[in-house]
Amino acid sequence: MTAYGAFGKVVHEVGGRGRDYDNANREEERALLAICAYPAATQGDRLAKARYLLEIEARGELDVPDQMQTLLRSMMWKG
């Protein structure tokens, strides 16, 4: 969550223009996919992940099919 927040700060500092914005946007997307892919093992991890992703979804930022597929795969049992 810290990394994701840092990317948001960079985007606001850049002002949403140019190559820096494009790079920050790609890095932000990678960070969000990493969060989606994280296999939460404990109840606390699952709760934190769910709360965070619900906040992202409420802002309309969790709508890419890759994100949803990655999230669903992270929930599959790997035993």
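A brief report on the enclosed structure follows.

Cut-offs applied
- Residues numbered from 1 in each chain as written.
- Predicted model: local features only at pLDDT ≥ 70, side-chain atom pairs only at ≥ 80, totals over all residues.
- Heavy atoms only, no water.
- Salt bridge = Lys/Arg side-chain N within 4 Å of Asp/Glu carboxyl O.
- Helix = DSSP H or I, 4+ residues; strand = E, 2+ residues; numbered from the N terminus.
- Buried < 20%, exposed > 50% of the residue type's maximum accessible area, 1.4 Å probe, protein only.
- Core = buried A, V, L, I, M, F, W, Y, C linked by side-chain atoms within 4.5 Å.

## Details of the pattern of salt bridges
Right, on to step 1. If you walk through the whole model with that rule in mind, you get 2 salt bridges.
Right, on to step 2. Where R30 meets E27, a salt bridge forms, and the shortest distance between an N and an O atom there is 2.5 Å. Placement of the pair is R30 and E27 together in helix α2 (residues 18–37), with a separation of 3 residues, close to one helical turn.
Right, on to step 3. Relative accessible area serves as the criterion here: at 48%, R30 is assigned to the partly exposed category.
Right, on to step 4. Using a relative accessible area of 32% as the deciding quantity, one classes E27 as partly exposed.
Right, on to step 5. Of the charged contacts in the structure, one is a salt bridge between R59 and E61, with a shortest N-O distance of 3.0 Å.
Right, on to step 6. Classification of E61 by relative accessible area gives partly exposed; the value is 29%.

## Quick look at the nonpolar core
Right, on to step 1. In this structure, L32, I35, C36, Y52, L53, I56, L62 and L71 together form the largest nonpolar core, which totals 8 residues.
Right, on to step 2. Elements supplying a minimum of two residues to this core: α2 and α3 (43–58).

Limitation: the analysis is restricted to geometry and does not speak to function.
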